[in-house]
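For reference, the chains in residue letters:
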Amino acid sequence: MDDTRQSLVLGARNDHLAEVVYWGPRLPDGEDLETIYRANELDVTGGMLDTNPELSINPEATRTFPGQPGLILRDGSGTPILPDFRFDTADQDGTALSLTFRDTAHGLRYTASFAINSATHVIETKAELESDSPIHLHWLSAPVFPAPQLADEMIDFSGRWCGEFQMNRAPWSPGMRYRENRTGRTGHEHFPGLLLPCRGATNAAGDVYAFHYGWSGGHRMVAEELPDGRRQIQFGHAARVENNAKHRFETGILYAVYSDDGINGCAVAFQRHLRDEVVDFPFPDRPRPVHYNCWEAVYFDHDLAELKEIAEIAAELGAERFVLDDGWFGNRDDDTRALSDWEVDPRKYPDGLRPLIDHVHGLGMSFGIWFEPEMINPDSSIYRKHPEWAFGSADQILGRQQKALDMALPEVRDFLFDRVGKILGDHDIDYVKWDHNRVLPMPDAAQTRGSYALIDRLRAAFPATEIESCASGGARIDFGILQRTHRVWLSDSNDAIERLRMQHNAAIFLPMAVTGSHVGPRVCHTSGRTIDIRFRAWVAAQRHMGFEMDPRELTAEEAQVLKDVTQWWKDNRDWMVKADILRLDSPDPAVLAEQHLAQGGGRFVIFAGKQDTSSQIVPRPLRLTRLSRDAIYRITLRNREDAPTLSRGTPLLKSESMTVSGGYLMAHGLTLPWSFPATMWVIEGELV
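Residues numbered from 1 in each chain as written. Predicted model: local features only at pLDDT ≥ 70, side-chain atom pairs only at ≥ 80, totals over all residues. Heavy atoms only, no water.

With that settled, consider the sheet that holds strand β9 (residues 145–146). Strand pairing in a sheet relies on backbone hydrogen bonds. The paired strands run either parallel or antiparallel. Ordered by their spatial adjacency, four strands build an open sheet running β9-β16-β15-β12, and the pairing between neighbours is antiparallel. Of all the strands in the sheet, just β9 and β12 (175–180) have a single pairing partner and so form its edges. Alignment of strand β15 (residues 219–225) against strand β16 (residues 231–237), held across seven bridges, turns out to be antiparallel. Bridge pairing in β16 places Met 221 opposite Phe 235. (Pairing = 2+ DSSP bridges. Helix = DSSP H or I, 4+ residues; strand = E, 2+ residues; numbered from the N terminus.)

What follows covers the pattern of salt bridges. A complete count under the given rule lists 58 salt bridges for this structure. A salt bridge links Arg 26 to Asp 29; the nearest nitrogen and oxygen atoms lie 2.8 Å apart. Classification of Asp 29 by relative accessible area gives exposed; the value is 69%. For Arg 552, the salt bridge goes to Glu 306, with nearest N and O atoms at 2.6 Å. Taken together, the residues Arg 552 in the loop between β28 (544–547) and α11 (556–576) and Glu 306 in helix α4 (residues 304–317) connect sequence positions 246 residues apart. Given the relative accessible area of 32%, Arg 552 is considered partly exposed. By relative accessible area, which is 23% here, Glu 306 ends up partly exposed. A single salt-bridge network, built from bridges that share partners, covers Glu 60, Arg 63, Asp 84 and Arg 86. (Salt bridge = Lys/Arg side-chain N within 4 Å of Asp/Glu carboxyl O. Buried < 20%, exposed > 50% of the residue type's maximum accessible area, 1.4 Å probe, protein only.)

Here Asp 550 shows up in the loop between β28 and α11. The exposure class of Asp 550 is buried, given its relative accessible area of 18%. Side chain to side chain, Asp 550 and Arg 552 meet in a polar contact 2.8 Å long. Beyond its immediate sequence surroundings of up to four residues, Asp 550 is in contact with Tyr 292, Glu 296, Ala 297 and Ile 310. (Polar contact = N/O pair within 3.5 Å; in protein donor to acceptor, adjacent residues only side chain to side chain. Contact = heavy atoms within 4.5 Å.)

Attention now moves to the environment of Val 9. Assignment of secondary structure puts Val 9 in strand β1 (residues 6–11). The buried category is assigned to Val 9, whose relative accessible area is 6%. For the pair Val 9 and Asn 243, spaced 234 residues apart in sequence, the C-alpha separation works out to 36 Å. Excluding residues within four positions of it along the chain, Val 9 makes contact with Glu 19, Val 20, Val 21, Tyr 22, Leu 27, Leu 33 and Ile 36.

Further remarks concern α4. Taking 1.5 Å of rise per residue, 14 residues should cover 20 Å, and α4 covers 20 Å from first to last C-alpha, within 8% of that figure. Residue Asp 303 occupies the N-cap position of α4, its side-chain oxygen lying 3.3 Å from the main-chain nitrogen of Ala 305. Where α4 ends, the next residue or the one after it, Gly 318, has phi of about 125°, a positive value. (Expected span 1.5 Å × (residues − 1).)

With that out of the way, let us pick up the nonpolar core. Core analysis: the largest hydrophobic core is formed by 172 residues, its most contacted members being Phe 322 and Leu 510. Of all the elements, α11 adds the most residues to this core, at eight residues. Leave out the neighbours within four places in its chain, and Phe 322 touches Tyr 292, Cys 294, Leu 307, Ala 311, Leu 356, Val 360, Met 365, Ser 366, Phe 367 and Gly 368. The next biggest cluster of nonpolar side chains, apart from the first, holds 25 residues, and it includes Val 591, Ile 606, Ala 608 and Leu 670. (Core = buried A, V, L, I, M, F, W, Y, C linked by side-chain atoms within 4.5 Å.)

So, about the packing of aromatic side chains. All told, the structure shown has 34 aromatic pairs when counted by the stated rule. Each ring, one from Trp 23 and one from Phe 145, has its centre 4.9 Å from the other, and the planes form 55°; the classification is tilted. Here Trp 23 is found in strand β2 (residues 19–25), whereas its partner Phe 145 is found in strand β9, with 122 residues between them in sequence. Grouping residues by exposure puts Trp 23 and Phe 145 together as buried. Here the aromatic rings of Trp 23 and Phe 211 are separated by 5.7 Å at their centres, their planes lie at 65°, and the arrangement is edge-to-face. Taken together, the positions of Trp 23 in strand β2 and Phe 211 in strand β14 (residues 208–214) put the pair 188 residues apart, joining distant regions of the chain. By relative accessible area, Trp 23 is classed as buried at 8%. Of note, Arg 220 hangs over the ring of Trp 139, and the distance from its end group to the ring centre comes to 4.2 Å. (Phe/Tyr/Trp six-rings, centres within 6.5 Å; stacked < 30°, edge-to-face > 60°. Lys NZ or Arg CZ within 6 Å of the ring centre and 35° of its normal.)

Turning to the environment of Gly 602, a few remarks are in order. Summarising the element assignment, Gly 602 is placed in the loop between β30 (591–597) and β31 (603–610). Each C-alpha atom, one on Gly 602 and one on Arg 449, is 43 Å from the other, the two residues being 153 residues apart in sequence. Apart from residues no more than four positions distant in its own chain, Gly 602 is found in contact with Gly 685, Glu 686 and Leu 687.

So, on to unusual backbone geometry. Look at Thr 64: it is not a glycine, yet its phi comes out positive at around 50°. Within the element layout of this structure, Thr 64 appears in the loop between α1 (33–39) and β3 (71–75). You can call Thr 64 exposed: its relative accessible area is 51%. Although it is not a glycine, Gln 401 adopts a positive phi angle of roughly 65°. When its relative accessible area of 41% is taken as the criterion, Gln 401 is described as partly exposed.

Written out as structure tokens, the structure is:
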């Protein structure tokens with residue numbers, strides 16, 4: 001299997017499970033693949049078996065495999081099963097391949113599927129297991145890939161509330177790096193992604209292999225170096241999350257990509273694949289609207305007159321969608337009550353939501369609303385009526401004063417479909433912010449499947465309604481949830497410094513079109529930092545832009561800055577929504593810089609954000625990437641008027657545009673003016 005970038009070669013002997021014997025730069029069309037398979041065989045020496053066990057797509061314990069097996073299961077009585085699969089069938093259709101293997105003694109059938117997307121270069125692969133009799137599954141890996149020998153380290157992702165997408169580097173060594181998320185959702189803590197940069201790779205150059213596991217219920221990752229030096233990568237659902245014996249199991253989709261263009265090659269592949277192949281936008285050609293979300297303006301204190309006033313100011317600033325957040329339903333005056341009571345609060349909205357919705361529409365904005373369907377407060381009318389609908393034990397530890405509903409129960413999903421559907425059906429609402437504010441009391445794959453089923457049913461009933469995935473910020477971001485949603489809330493932090501870092505790392509997987517980023521209040525509610533409106537606005541303009549503050553706090557100058565940046569974003573969003581976000585290799589660790597490159601390469605914008613004080617006294621040149629070396633570009637510092645008085649020199653960009661070659665920009669780079677921390681330079685470029 002191959003595309004224009006890469007080849008994937010699988011082989012097997014004696015009808016055993018196949019193994020990946022080559023994955024990397026595209027091989028010539030005439031390559032002898034049988035020779036490739038034979039050349040992959042390792043030598044043996046003293047103290048070893050006479051033949052090395054295969055590192056197959058599902059390593060088997062029955063093959064004396066020395067590492068972690070790809071499948072652990074028991075029969076209906078609890079007795080361990082050690083499968084011994086034999087080849088059955090192979091089906092290939094263009095760039096898609098399906099391999100089936102059987103274990104007749106145990107009545108098992110294992111199927112591995114692979115598909116290479118020729119446009120995005122992303123490989124999609126998954127595994128399915130079927131059994132003649134009910135079996136208990138402990139662990140099933142998606143098809144296993146080998147890891148490159150020239151990778152000295154691996155990069156995976158951790159995080160916390162208000163601090164998502166932190167990159168961790170761990171050296172390869174004999175043994176196993178094991179990460180498992182047992183929170184029942186994708187999690188702040190363990191984003192299911194992995195990068196394997198080969199020696200010398202950077203953002204913009206070198207060989208990199210990357211993976212993402214598209215599942216929202218918690219995952220397990222194994223990166224293991226065997227005693228013989230071979231390395232394997234396993235991804236699957238978290239272990240022991242299938243709580244009932246069944247006849248059939250399957251993994252989520254494992255997305256894999258090889259790049260000879262550094263981390264950016266992987267990032268562009270994931271961004272394009274998610275935007276163009278995974279997300280199903282209701283109106284893909286419609287411009288992404290500027291959001292206003294009222295959460296950090298009013299929290300639970302909803303007053304119709306006040307909300308109307310806020311909406312008017314938001315519209316004047318440039319907002320195009322007004323999102324009513326938590327607090328509109330039941331007797332929801334704080335976060336201790338009323339979750340699941342999805343009926344409009346008559347105390348706050350005596351005439352229902354229509355007066356507010358009509359007012360918002362009259363201002364030229366569309367209307368969105370917040371739900372947290374999978375959760376329930378013990379202090380709610382529905383819990384008092386149906387305590388058996390809660391998931392987990394009666395004395396479980398609460399999270400944000402709430403429990404989760406048992407989404408595996410059809411009656412729970414029916415209830416939620418009716419209640420949420422009535423709100424959507426009775427009102428002109430085109431957007432739902434779908435929240436998930438606590439971890440589960442125990443992981444259970446049936447919960448995730450139930451949530452998927454409910455969202456899919458609502459999407460079918462209301463196909464014009466967009467859904468945002470929020471989970472205390474970025475705790476449910478993955479390609480599985482994004483198969484059925486259209487935007488993610490990256491973090492509950494609107495601190496622009498923190499956002500700059502998170503957005504930079506998340507761009508390895510997420511395009512601008514789905515990544516919500518809002519201008520927060522002057523004093524950030526989650527960090528306490530006071531940040532200038534210019535920096536807040538430009539950080540939000542890097543992604544799908546919105547506002548989330550009380551706009552009445554803005555001075556006249558702040559309001560004008562926000563209006564100007566918002567208008568810039570609107571003027572550029574049509575090409576930026578399809579642009580590739582490229583992480584630049586900044587020579588100054590205080591500067592996080594990225595280049596948004598339009599399709600076709602005719603224009604770009606550089607966002608150079610300063611997150612800290614530089615160790616050197618003046619800026620180092622910033623090299624660009626992926627330009628045409630011989631082409632001439634006009635370069636303009638868009639916000640040169642923001643240069644502080646301590647910037648006393650005369651760099652060319654401070655006073656005028658310049659025209660230079662792509663070769664110069666990539667080899668030497670841009671010389672920018674001096675700046676304070678928590679500021680952003682915005683540089684526009686276009687072909688002359």
